[in-house]
Amino acid sequence: MIQPSLHLYNTLTRQKEVFKPITNKEVGLYSCGPTVYNYAHIGNMRSFLLSDIVKRTLKWNGFKVKQVINITDVGHLTDDGDFGEDKIEQEAKASGQTVEELTKPFIDQFHADLKRLHIDTASTLFPQATNYITQQIALIEKLINLGFTYQTEDGIYFDITKYPRYTELGKLNLKGHTEDSIRNQASDKKHPADFALWKFSLSDSNRLQEWPSPWGVGFPGWHIECSAMSMDILGAHFDIHTGGEDHIPIHHTNERAQSESATGKPFVNFWLHNAFMSTDGNKMSKSTGNFFTVSDLINLNFPALALRYLFLSAHYRSPLNFSLESLTAAKTALLKINHTIFDLPLNGNINQNFLTEFTTSLNDDLNTAKALATVYKVLDSSLSPADKRATIGKFDEVLAILDKNLITQTDPIPDEIMILAENRQTARQKANWTEADKFRQEIELKGYTISDTSDGNFIVSKIS
Ligand code: AMP
Ligand code: ZN
């Protein structure tokens, strides 16, 4: 049977293109990782889920993949550009910790969350920006020697007028960009979109992280980190780069500009970007504190895989509004599928027609929502129970939503109770204590208890 070839939407060309690897050996895949001054939130996790689906779909299509997800532990300033403070420095100083003390728990938790979401990290490399300072300095030196930079009082800057394709990736209107950013003009840059490759430590500042360089003590810009790490590990020209859509106009545009200027080669063939996930219509972001983590969801009695299921049920390029109601629906569907599948007998055959249907959806720019619908078609079909299990088991190489632990766990909290708990939470947020109490009593009457956590969330459990 003819398999449809893999098509991916390339932000660079704004169209779906047939994916062709640069070499037959291995596909290079780089994803911008978390900035570890706080826990990665579930919005961040959407970007790592995209990376996971890309990797699993490439493998599904028979490609070998070399995947890199970096850890940003220096240089990411509070405004994504050259303005503001280094997020890591700011947080470490505020909490009186060393950078390592600050970042280690967030890095450890990040790895734990990837595991809980069944993100395939087999052979994934997780380089840390501070371990690649030498490569970053070498890359900046190359750019200096080739005449792409200039020095100001506070650092070495990339001159975007020397790179004619600067506006391509973000479809930027630099005139607008100029007017917009002029207010935020950092130092004496020639053009507001010029960006720092290296920032000097101020003589009166007491930085926790700084390194000597040929131009003076300082620290790298955030964008140069990703260029240096990706090209060092994957080569100067690699296949796929992913990240959230917020990175298109600044971070990825700058990465591309400096990489292509330094090597004289194309940097990346396919740029893939996930749309944002919001909460109740508001941006979910670490800096505003408006977010849930995977651990928060687990405390609310959701299995982490319910979040994976929720992500899969929407297209990665569609904005997703997160709510506990939609997560509850995802959890119910997830548990039902797991209960159904693990009850079916083993040793069946994979159905080729359904396999082709599944591949067609997946290869159409990773349409996981449609691929998920094929799971239900298989369950409703006239296939034998064993063939159903074999076929869906095969799909799970990409979906990764099956987990025996889910069916051995105690019964899930019924939706009705979760809704009462959320209503109580809403009443509490409005300081409507009488109404909140009523909801608590109703929950208890139905045999459940509710307890509040220090971070403002709640846990529902059965009265034993
Ligand atoms: P950061 O830790 O802020 O550097 O972000 C890590 C990754 O998460 C990047 O690819 C961001 O673009 C992505 N990201 C951040 N916030 C969201 C969100 N609310 N929804 C989806 N992706 C996000
Ligand atoms: Zn990056």
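It should be emphasised that the depicted structure is a prediction, and the values quoted were computed from it without experimental measurement. (Residues numbered from 1 in each chain as written. Chains lettered and ligands numbered in written order. Predicted model: local features only at pLDDT ≥ 70, side-chain atom pairs only at ≥ 80, totals over all residues. Heavy atoms only, no water.)

Novice: For this particular structure, what's the right way to read the environment of T293?
Specialist: Tracing the backbone through its elements, the reader meets T293 in the loop between strand 12 (282-283) and helix 8 (294-299). Considered as a pair, T293 and G43 are 250 residues apart in the sequence and their alpha carbons are 8.6 Å apart. Each residue touching T293, except ones within four places of it in the same chain, is listed here: Y39, A40, H41 and I42. (Helix = DSSP H or I, 4+ residues; strand = E, 2+ residues; numbered from the N terminus. Contact = heavy atoms within 4.5 Å.)

Novice: Explanation requested: the nonpolar core in the structure shown.
Specialist: Buried together is how nonpolar side chains tend to be arranged in soluble globular proteins. Judged by nonpolar contacts, the single largest core of 93 residues is most densely connected at I240, L307 and F322. Filtering out sequence-adjacent residues up to four positions away, L307 remains in contact with I42, L117, V294, L297, F322 and L327. Formed by 43 residues, the second largest nonpolar core is a distinct cluster that contains I137, L139, W198 and F238. (Core = buried A, V, L, I, M, F, W, Y, C linked by side-chain atoms within 4.5 Å. Buried < 20%, exposed > 50% of the residue type's maximum accessible area, 1.4 Å probe, protein only.)

Novice: Just checking my understanding: could you explain the pattern of salt bridges for this structure?
Specialist: Working definition: two side chains of opposite charge can pair if their charged atoms are close together. A full pass over the atoms with the stated rule returns 20 salt bridges. The partner of D120 in a salt bridge is K55, with the nearest N and O atoms 3.6 Å apart. Of this pair, D120 sits in the loop between helix 3 (99-116) and helix 4 (133-145) while K55 sits in helix 1 (residues 42-60), placing them 65 residues apart in sequence. In terms of burial, D120 and K55 fall into one category: buried. R317 serves as the salt-bridge partner of D365, at 2.7 Å between the closest nitrogen and oxygen. Within this pair, whereas D365 is found in the loop between helix 11 (352-363) and helix 12 (368-380), its partner R317 is found in the loop between helix 9 (304-312) and strand 13 (320-322), the two being separated by 48 residues in sequence. With a relative accessible area of 1%, D365 lands in the buried category. One connected set of salt bridges, linked through shared partners, spans D86, E89, K93 and R207. (Salt bridge = Lys/Arg side-chain N within 4 Å of Asp/Glu carboxyl O.)

Novice: Just checking my understanding: could you explain the coordination of the zinc ion (ligand 2) for this structure?
Specialist: Around a metal, the ideal angle is 109.5 degrees if four donors adopt a tetrahedral arrangement and 90 or 180 degrees if six donors adopt an octahedral arrangement. The zinc ion (ligand 2) binds to the protein through C32 (SG), C226 (SG) and H251 (NE2), with metal-donor distances spanning 2.1 to 2.2 Å. Spacing between the donor residues of the zinc ion (ligand 2) along their common chain follows C-x193-C-x24-H. One end of the pair, C226, is in helix 6 (residues 222-234); the other, H251, is in helix 7 (residues 248-263), with 25 residues separating them in the sequence. No difference in accessibility class separates C226 from H251, as the two residues are buried. (Donors = N, O, S within 2.8 Å, 3.2 Å for Na, K, Ca; no water.)

Novice: Where do I start with the pairing of strand 10 (residues 268-274) in this structure?
Specialist: Within a regular beta strand, the side chains point alternately toward one face of the sheet and then the other, so they alternate between its two faces. Among the seven residues in strand 10, six count as buried, and that is most of the element. The pairing of strand 9 (residues 238-244) with strand 10 spans six bridges and is classified as parallel. Counted as the bridge partner of G244 is N274 from strand 10. Each parallel crossover has a hand, and the one from strand 9 via helix 7 to strand 10 is right-handed. (Pairing = 2+ DSSP bridges. Right-handed = clockwise from strand over helix to strand, strands pointing away.)

Novice: Please clarify how the packing of aromatic side chains should be interpreted in this entry.
Specialist: Two numbers describe a pair of aromatic rings. These are the distance of the centres and the angle of the planes. In total, this model carries 15 aromatic pairs according to the counting rule given. Between Y30 and F238 the ring centres are 6.4 Å apart and the planes differ by 55 degrees, which places this aromatic pair in the tilted class. Residue Y30 is located in strand 3 (residues 27-31), and its partner F238 is located in strand 9; the two are separated by 208 residues in the primary sequence. Since its relative accessible area comes to 0%, Y30 is described here as buried. Judged by relative accessible area, which is 1%, F238 ranks as buried. With 6.0 Å between their ring centres and 5 degrees between their planes, F148 and F158 make a pair best called stacked. Of this pair, F148 sits in the loop between helix 4 and strand 5 (149-151) while F158 sits in strand 6 (residues 155-158); the two residues are 10 residues apart in sequence, bridging distant segments of the chain. Using a relative accessible area of 14% as the deciding quantity, one classes F148 as buried. Here a set of aromatic residues connected by ring pairs shows up, and it is made of Y30, F238, F267 and W271. For R207, the ring lying beneath its charged end belongs to F219, and the centroid distance is 3.5 Å. (Phe/Tyr/Trp six-rings, centres within 6.5 Å; stacked < 30°, edge-to-face > 60°. Lys NZ or Arg CZ within 6 Å of the ring centre and 35° of its normal.)

Novice: So what exactly am I meant to see when it comes to the sheet that holds strand 12 here?
Specialist: Where strands meet in a sheet, backbone hydrogen bonds hold them as pairs that are either parallel or antiparallel. Spatial ordering of the open sheet is given by 12-11-13, a layout of three strands whose pairing is mixed. Bordering the open sheet on either side are strand 12 and strand 13, each of which pairs with just one other strand. Judged from the three bridges that link them, strand 11 (residues 277-279) and strand 13 form a sheet pairing that is parallel. Paired with S278 across the two strands is N321, which belongs to strand 13.

Novice: Looking at this model, I keep getting lost on the sheet that holds strand 3. Mind explaining?
Specialist: What the four strands build is an open sheet, ordered 4-3-9-10; its pairing is parallel. Two strands lie at the open edges of the sheet, namely strand 4 (65-69) and strand 10, each paired on one side alone. Ignoring which end each strand starts from, the neighbouring axes of this sheet average 20 degrees apart. Relative to strand 9, strand 3 runs parallel, the two being bridged by three bridges. Paired with S31 across the bridge in strand 9 is T242. Its contacts with the sheet place helix 1 against strand 3, strand 4, strand 9 and strand 10, and it is angled at close to 170 degrees to strand 4. Each of strand 3, strand 4 and strand 9 is contacted by helix 6, which is oriented at about 160 degrees to strand 3, the strand it contacts most. (Axes fitted to C-alpha atoms, helices over the stretch in contact; angles between N-to-C directions.)

The values are spatial; any link to function lies outside them.
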